[in-house]
Amino acid sequence: MQGRRGRDLALQALLAAALLAALWWLLDVTAANMAERGIRSGFDFLKEPAGFAIGESLLPFDAADSTLWALAAGLANTLRVALPAIIISTLLGTLIGLGRLSPNLLLRGLCTAYVETLRNVPLLLQLLAWYFVVTDLLPLASEALQLAPHVFLSKSGLSVPWPAGGALFDLPLRGEMGIAGGAALTPEFLALLLGLSLYTAAYVAETVRAGIQSVPRGQSDAGRALGLTRVQLFRLVLLPQALRSIIPPLTNQQLSLTKNASLAVAIGYPDLVSVANTTLNQTGRAAECIALIMAVYLILSLLTAWLSAWLERRTGRWAQRS
Amino acid sequence: MNHVTATHAWLRRNLFSDAFSGLTTLLLLAGAFCWLPGLIDWMLLQAVFEPDAAACHAVNHAGACWGVVADKYRFILFGRYPYAEQWRPLLATAMLLLVIATSGLRLMSRAPLLAAWALALPAFLILMGGGIVGLSPVGSDQWGGLPLTLLLATMGMLLALPLAILVALGRQSGLPLLRGLCMLYVELVRGVPLISVLFLASFLFPIILPQGFSIDVLLRVQAGIVLFAAAYLSETIRGGLQAVSGGQHDAAAALGLDRWQAMRWIILPQALRAVIPSIMNSAVSVFKDTSLVTVVSLYELTGSLALALAGDAEWRSFYLEGYLFIGLIYWIGCYAMSCFSRTLESGK
């Protein structure tokens, strides 16, 4: 036993030495390369003016603001599209997952077709297709489609009523040159929101279906024997037990959704990765920009892991109570 | 009379089991009557199938313009590969697909299958790259379309799998330092989006490698895909290793196998077999993820479609048909893989 421990320690010391040597060598080579190509390093560029505009931003931003603020605006844009997409995909996915368990053949077939189609085509392709549909196939703003009172859809995006303080709403109206007023969602935002939500919904549906099917059959038989209605059976027996196996993969999928929001770069929505990419091209600080992207996403992942653990504890308690 | 009742019973059970189900059936049928004729009209009846841009514009999106596919399919499938030499990527793709299908359908036993792979991969690269046996050299910057998608996905999986096994074993190691390193790698990669890994491969690898040791962008991006896929796969395999019961370790030890022999002959085969469906899921993901390399200027299917249409004013307004075409290619690939995984799951 003593010999084994000694050997383990020696192996680890060797590993650590090899690792440090490799790291030192890499840093050395990198420094030499950067000196040769005249690449500067450091995070000082974050304080300098960004010098580029951002297509749309939740945070007030113009080109004279610092690069750090530009990246913050990018992160805010990532969250602005990810949070609604998380809500939509969870709701839609749950409905489709339940639909796949329906006794109705047509509904089951439709939901299965949805899942099998959306899951088997790359998200990037779906985003590009949605973006093309919105920007090329929809009518011009001057001939916008009216989906509901004061809701207009056109090449320039979707205009919806927006709270304007108090009980008042700022209503979009048809003007001379197109739609004026209300909140306008850009085509980039719309395509990304739509693409992310519909794609993730297919995965959520599979999770929900598998979760409900994981509850032993005897549970529903017992529930029915007790005279519970279908809704009661679902709410009181199946759902609490299913949630335990649904929540961990569900939070994973929503985390993937947030990471997939980085595909925004392909359709020009200014999310964190797009802004960092622009910064990278302007300043040439590749290592710093990539490190920043990775750090932000790692923090988001850790937060999600923590949230997931908290949710699991909560639902665990809920399942015990009901 | 008998099968009228049988039909009636079937209808009752599947479409009208209760009021809600009946209402759903009626609503869905009404929806189908509203939408299906229009869809069929667009896809087939009013569609233009000839590569005739004028005819496509005349229809003005009332019907699909499949002509864009008829006109551009060679560019979409093979990218910027020299036109006269495109039989080479065609042959290479067909050969690789054949080997993949043969493996999936288990038409060969193990030894000839391994030999087929060992021949097919170098043959693929020789056909694509040329430079020997009388084939003119074609730089990897000119590779594109379906062969590039297949290459990135296949090599991605083939190289990621052994790496993932090593990392999964590393996470079970008795050495805390090794365990920590493996965990760090897995959590780091799984925490970030693939695009950032591709940026890393495309922008950063050239800076951290010694001068004069430049590797081309295709290889760097391939390395990025392998590193990314291996992190996810290693978690899958770790799950498989944990699923193998402790008795197996004990039995192997009782037979006098040492730790490595036990791992090689007893534990790993069972662990891998247990997670084949998840491995296939990863394969589907890798296949779909290859579309992202467009972002770092490699023109696989998605990228070559954009290349084919972006510069062409005649066809530029028919992207949707192009997207549907390559979407179908991706769909067939992914669906075939998930079907294969399902036959394994049901134990056939």
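What you see is a predicted model; the values in this text were computed from it and never measured.

Q: Where do I start with the overall build of chain A in this structure?
A: Regarding its fold elements, chain A presents nine helices and eight strands. In terms of C-alpha radius of gyration, chain A reaches 26 Å, well past the compact-globule figure of 20 Å for 322 residues. Of all 322 residues assigned to chain A, the portion counted as buried reaches 37%. In chain A, the share of contacts with a sequence separation of at least 24, taken over all contacts with a separation of at least 6, comes to 60%.

Q: Hey, could you run me through unusual backbone geometry in this one?
A: Backbone phi values are negative for most residues with the exception of glycine, while trans is the configuration of most peptide bonds. Residue and element names in this part refer to chain B. The phi dihedral of His61 is positive, around 65 degrees, even though this residue is not glycine. Note on placement: His61 falls in the loop between helix 3 (53-59) and helix 4 (67-78). You will see that Ser297, though not glycine, has its phi angle at about 65 degrees, which is positive. In this structure, Ser297 sits in the loop between helix 13 (276-289) and helix 14 (301-310).

Q: Would you mind showing me how to read the interface of chain B and chain A here?
A: By a widespread convention, an interface's size corresponds to the accessible area lost as its parts come together. With 41 residues of chain B at the contact, the number on the chain A side is 42 residues. Elements that contribute at least two residues to the side of chain B that touches chain A include exactly helix 2 (19-45), helix 8 (176-191), helix 9 (194-208) and helix 15 (319-345) of chain B. By residue number, the principal contributor to the side of chain B that touches chain A is helix 15 of chain B, which donates nine residues.

Q: Quick question: what am I supposed to make of the environment of Ala225 of chain A here?
A: Mapping Ala225 of chain A onto the fold places it in helix 6 (residues 217-225). Since 9 C-beta atoms lie within 10 Å of it, Ala225 of chain A is described here as exposed.

Q: Teacher, can you tell me more about the sheet that holds strand 2 (residues 151-154) of chain A here?
A: Hydrogen bonds between backbone atoms are what pair the strands of a sheet, whose relative direction is either parallel or antiparallel. Residues and elements named next belong to chain A. Strand order in the open sheet formed by four strands is 1-2-3-8, and the pairing between neighbours is antiparallel. The open sheet has two edge strands, strand 1 (145-148) and strand 8 (183-185), and neither has a second partner. Strand-to-strand twist across the sheet, computed as the mean angle between neighbouring axes with direction ignored, equals 25 degrees.

Q: Sorry if this is basic, but what is going on with the packing of helix 4 of chain B against helix 7 (residues 145-170) of chain B here?
A: In helix packing, the relevant descriptors are the interaxial angle and the interaxial distance, both defined with respect to the helix axes. Residue and element names in this part refer to chain B. At their nearest, the axes of helix 4 and helix 7 sit 3 Å apart, and the two run at 25 degrees to each other. If you check the angle between helix 4 and helix 7, you find them roughly parallel. In this structure, helix 4 contributes Ile76, Leu77 and Phe78 to the contact, and helix 7 contributes Gly145, Leu146 and Pro147. Tallied by class, the residues present in the contact of helix 4 with helix 7 amount to five nonpolar, one polar and no charged.

Q: Teacher, can you tell me more about the environment of Gln46 of chain B here?
A: Residue and element names in this part refer to chain B. Topologically, Gln46 is positioned in the loop between helix 2 and helix 3. A residue is classified by how many C-beta atoms lie within 10 Å of it, and Gln46, with 14 of them, is partly exposed. A C-alpha to C-alpha distance of 7.1 Å links Gln46 and Ala64, two positions 18 residues apart in sequence. Discounting residues that sit within four places of it in the chain, Gln46 has contacts with Asp41, Val59, Ala62 and Gly63.

Q: Explain helix 3 (residues 105-119) of chain A to me, please; I cannot follow it from the model alone.
A: Since the α-helix packs 3.6 residues into each turn, any two residues three or four apart lie on the same face. For helix 3 of chain A, spanning 15 residues, the distance from its first C-alpha to its last is 21 Å, which sits close to the expected 21 Å at 1.5 Å a residue. Looking at the buried positions of helix 3 of chain A, the neighbouring elements they touch are helix 2 (67-99) and helix 5 (187-213) of chain A together with helix 2 of chain B.

Q: Where do I start with the pairing of strand 3 (residues 157-160) of chain A in this structure?
A: Looking down a regular strand, the side chains alternate between one sheet face and the other. Residues and elements named next belong to chain A. As paired elements, strand 2 and strand 3 share three bridges and run antiparallel to each other. Each residue of the ladder has a partner; that of Phe152, found in strand 3, is Ser159. Between strand 2 and strand 3, which pair antiparallel one after the other, the connecting turn spans two residues. By the bridge criterion, three bridges tie strand 3 to strand 8 in an arrangement that is antiparallel.

Q: Which parts of the structure should I look at to understand the environment of Leu26 of chain B?
A: Residues and elements named next belong to chain B. With respect to the helices and strands, the residue Leu26 is situated in helix 2. Residue Leu26 is classed as partly exposed on the basis of its 13 C-beta neighbours within 10 Å. The sequence separation of Leu26 and Ala306 amounts to 280 residues, and the corresponding C-alpha distance is 42 Å.

The rules behind the values
Residues numbered from 1 in each chain as written. Chains lettered and ligands numbered in written order. Predicted model: local features only at pLDDT ≥ 70, side-chain atom pairs only at ≥ 80, totals over all residues. Helix = DSSP H or I, 4+ residues; strand = E, 2+ residues; numbered from the N terminus. Rg over C-alpha atoms; globule rule 2.2 N^0.38 Å. Buried ≥ 20, exposed ≤ 12 C-beta atoms within 10 Å, placed from the backbone. Contact = placed C-beta atoms within 7 Å. Pairing = 2+ DSSP bridges. Axes fitted to C-alpha atoms, helices over the stretch in contact; angles between N-to-C directions. Parallel < 35°, antiparallel > 145°, perpendicular 65-115°, else oblique. Nonpolar A, V, L, I, M, F, W, Y, C, P; charged D, E, K, R; others polar. Expected span 1.5 Å × (residues − 1).

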